[in-house]
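In case you want the letters, here they are:
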Amino acid sequence: MAVQPDVNLALVTGASRGIGAAIAEALAESGRRVVLLARDAEALSRLEKKLVAAGAQAHSFVCDVANGAAVDATLARVEASLGVPGIIVNNAGVGGPFHRADEVSNEEWEALFGVNVDGVYHLCRWALPRMKAGRYGRIVNISSIQGLFGGARSSTYAATKHALIGYTRSLAAEWGAFGITCNAVCPGYIDTEMLLNADPASRTELLRRIPARRFGTPEEVAKVVAFLVGPHGGYINGSALVVDGGLSSHLANDVPSE
């Protein structure tokens with residue numbers, strides 16, 4: 001007999017820091033048991049201890065989502081010890097390479113697609129039949145505004161994020177009849193470690209172009225994810241929700257002042 005997906009068990013990839021950690025915290029705050037997946041064992045352990053200290057149920061597993069065999073083995077452990085997650089948040093992702101398309105190496109291309117696209121495929125391939133058996137599932141894939149547009153010197157990253165939105169919409173169409181929703185969240189510039197390490201002049205230029213005049217926070221992205229997998233998000237399926245402070249709505253070089 002198939003194990004029924006647990007509507008209160010949420011698995012988050014790339015959960016060790018940044019947006020992934022914020023998503024895990026938001027889901028834990030809403031009463032979910034959370035499964036944390038990432039490659040950084042030390043950071044995972046810190047987050048697990050933080051969540052448990054706050055009264056949540058959290059369980060961490062070291063896993064490289066680009067490795068299909070490792071994903072299958074890890075998810076078998078999750079299923080045996082905790083059950084089948086009714087919520088999957090595919091957040092694991094890498095950026096770059098930030099140079100021209102003709103300068104991108106085969107290794108760079110394959111590395112980005114391995115995490116950003118193959119990783120999502122590995123999780124969904126495992127989860128979908130189990131969610132179908134239980135007639136319930138919530139899948140959220142973290143894409144980017146570059147999955148809707150493009151970016152000079154970001155062709156590989158943009159390609160992976162476009163692929164993710166196409167995959168998301170296809171899953172929504174294919175599996176919606178079984179009580180499964182699949183949506184993408186497309187963050188703009190979020191104040192994470194990567195952005196903090198950016199050149200100050202680049203940060204200033206980005207702020208000048210964002211109508212909200214600030215960067216987003218990981219917590220703001222996390223709250224969108226929490227809504228999508230919550231009790232009021234069940235009729236949202238196949239969407240690509242933008243969280244960018246209005247950046248993609250204003251294509252001019254500057255934002256009008258007051």
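Everything here concerns the structure above.
No experiment lies behind these values; they were computed from the predicted model shown.

J.: Report on a nonpolar patch on the surface, specifying residues and quantitative values.
T.: A surface patch of nonpolar side chains, about 230 Å² in accessible area, is lined by Leu148, Phe149 and Val242. Within the element layout of this structure, Leu148 appears in the loop between strand E5 (137-142) and helix H5 (155-175).

J.: Mind laying out the pairing of strand E6 (residues 180-187), listing which residues take part and the relevant values?
T.: Regular strands show a simple pattern: their side chains alternate between the two faces of the sheet. Most of E6 sits inside the fold, with eight of its eight residues counted as buried. Along E6, one buried face is formed by Ile180, Cys182, Ala184 and Cys186 and the opposite face, lined by Thr181, Asn183, Val185 and Pro187, is buried too. Where E5 meets E6, six bridges bridge the pair, whose relative direction is parallel. What sits directly across from Ile142, in E6, is Val185.

J.: For helix H8 (residues 218-228), give the residues involved together with the corresponding values.
T.: Within H8, the full set of buried residues consists of Pro218, Val221, Ala222, Val225, Ala226 and Leu228. For H8, the arc enclosing every buried residue in end-on projection is 160°, short of the 170-degree limit, so these residues lie on one face. Elements in contact with the buried residues of H8: helix H1 (18-29), strand E4 (84-90), E5, E6 and strand E7 (240-243).

J.: Tell me what's going on with the environment of Val35, and back it up with residues and numbers.
T.: Tracing the chain through its elements places Val35 in strand E2 (residues 33-38). Separated by 113 residues in sequence, Val35 and Leu148 place their C-alpha atoms 29 Å apart. Excluding its chain neighbours within four sequence positions, the residues that come into contact with Val35 are Leu9, Ala10, Leu11, Val12, His59, Phe61, Val78 and Leu82.

J.: Outline the sheet that holds E4, listing residues and values.
T.: The parallel open sheet is built from seven strands, whose spatial order is E3-E2-E1-E4-E5-E6-E7. Whereas interior strands pair on both sides, the edge strands pair on one side only; in this sheet they are strand E3 (58-62) and E7. Between one strand axis and the next, the sheet turns by 25° as a mean value, whatever way the strands run. Sitting on the sheet, helix H2 (residues 41-53) touches E2 and E3, and the angle it makes with E3 is about 175°. The sheet contacts of H5 involve E5, E6 and E7, and relative to E6 the element is tilted by about 160°.

J.: Explain the nonpolar core residue by residue, including any values.
T.: Generally speaking, nonpolar side chains in soluble globular proteins are found buried as a group. By size, the foremost hydrophobic cluster in this structure holds 32 residues, and its most contacted members are Ile23, Leu27, Leu36, Leu51, Val89 and Val185. With eight residues, H1 is the single largest residue contributor to this core. Setting aside its immediate chain neighbours within four residues, Ile23 contacts Val12, Val89, Asn91, Ile142, Ala222 and Val225. Counting 28 residues, the second-largest nonpolar core is a separate cluster that includes Leu9, Phe61, Leu128 and Ile139.

J.: Can you break down unusual backbone geometry residue by residue, with the values?
T.: Among all residues save glycine, negative phi is the norm, and among peptide bonds the norm is trans. Each neighbour pair has its own omega, and for Gly96 with Pro97 the value is -15°, a cis peptide bond. Looking at where Pro97 falls in the secondary structure, it is placed in the loop between E4 and helix H4 (106-134). The backbone of Arg135 shows a phi angle near 55°, a positive value even though the residue is not glycine. You can see Arg135 is positioned in the loop between H4 and E5. Within the chain, Arg153 stands out as a residue other than glycine whose phi angle is a positive 65°. Take Arg153: it is sitting in the loop between E5 and H5.

J.: An account of the pairing of E5 is requested, with residue identities and associated values reported.
T.: Within E5, six of the six residues are buried, which leaves the element mostly enclosed by the surrounding structure. Of the two faces of E5, the one holding Gly137, Ile139 and Asn141 and the one holding Arg138, Val140 and Ile142 are both buried throughout. Handedness of the crossover joining E4 and E5 through H4: right-handed. Crossover E5 to E6 through H5 is right-handed.

J.: I'd like a rundown of the packing of H4 against H5, residues and numbers included.
T.: Describing two packed helices takes the angle between their axes plus the distance from one axis to the other. Packing of H4 against H5 leaves a shortest axis separation of 9 Å and a crossing angle of 10°. With respect to each other, H4 and H5 are oriented roughly parallel. The way H4 lies across H5 gives a crossing that is right-handed. In this structure, H4 contributes Trp109, Leu112, Phe113, Asn116, Val117, Val120, Tyr121, Cys124, Leu128, Pro129 and Lys132 to the contact, and H5 contributes Thr156, Tyr157, Ala159, Thr160, Lys161, Ala163, Leu164, Tyr167, Leu171 and Trp175.

J.: Quick one: what's the story with H5, residue by residue and with numbers?
T.: Relative to the 30 Å expected for 21 residues at 1.5 Å per residue, H5 spans 30 Å between its end C-alpha atoms, a close match to the ideal helical length. Of the residues making up H5, those classed as buried are Thr156, Tyr157, Ala158, Thr160, Lys161, Leu164, Ile165, Thr168, Leu171, Ala172 and Trp175. Considering only its buried residues, H5 is in contact with H4, E5, E6 and E7.

Parameters at a glance
- Positions within a chain are numbered from 1, following the residues in the order the chain's sequence is written.
- Local features are withheld for residues below a pLDDT of 70 in this predicted model, meaning they are given only at 70 or higher, and side-chain atom pairs are given and counted only at 80 or more; totals for whole chains, interfaces and linings count all residues.
- Note that water and hydrogens are dropped before the side-chain values are worked out from all heavy atoms of the structure.
- Residues enter patches when their relative accessible area tops 30% and they take part in no salt bridge; the joining distance is 9 Å for like charges and 5 Å for the nonpolar side chains Val, Leu, Ile, Met, Phe, Trp and Tyr.
- Residue burial considers only the protein chains on display, and all accessible areas are found by Shrake-Rupley using a 1.4 Å probe.
- Just to be clear on terms, a salt bridge is a Lys or Arg side-chain nitrogen sitting within 4 Å of an Asp or Glu carboxyl oxygen.
- Here a helix means four or more residues in a row that DSSP labels H or I, a strand means two or more in a row labelled E, and each is numbered from the N terminus.
- Relative accessibility thresholds used throughout: buried, under 20% of the residue-type maximum; exposed, over 50%; partly exposed, between the two (1.4 Å probe, protein chains only).
- At least two DSSP bridges between two strands are required for those strands to pair.
- Arc, as used here, means the arc of the directions from the helix axis to the C-beta atoms.
- Contacts between residues were defined by any pair of non-hydrogen atoms, one from each residue, lying within 4.5 Å.
- Inter-axis angles, ranging from 0 to 180 degrees, are taken between N-to-C directions of lines fitted to C-alpha atoms, where helices are fitted over the stretch in contact.
- Residues belong to one nonpolar core when they are buried, are Ala, Val, Leu, Ile, Met, Phe, Trp, Tyr or Cys, and are joined through side-chain atoms within 4.5 Å.
- Place the viewer so that the strands point away; then a crossover is right-handed whenever the path from the first strand over the helix to the second strand goes clockwise.
- Angles are sorted into four bins: roughly parallel if under 35 degrees, roughly antiparallel if over 145, roughly perpendicular if 65 to 115, and oblique for all others.
- By definition, turning the near helix anticlockwise from the far helix through less than a right angle yields a left-handed crossing, and turning it clockwise yields a right-handed one.
- One less than the residue count of a helix, multiplied by 1.5 Å, gives the span that helix is expected to have.

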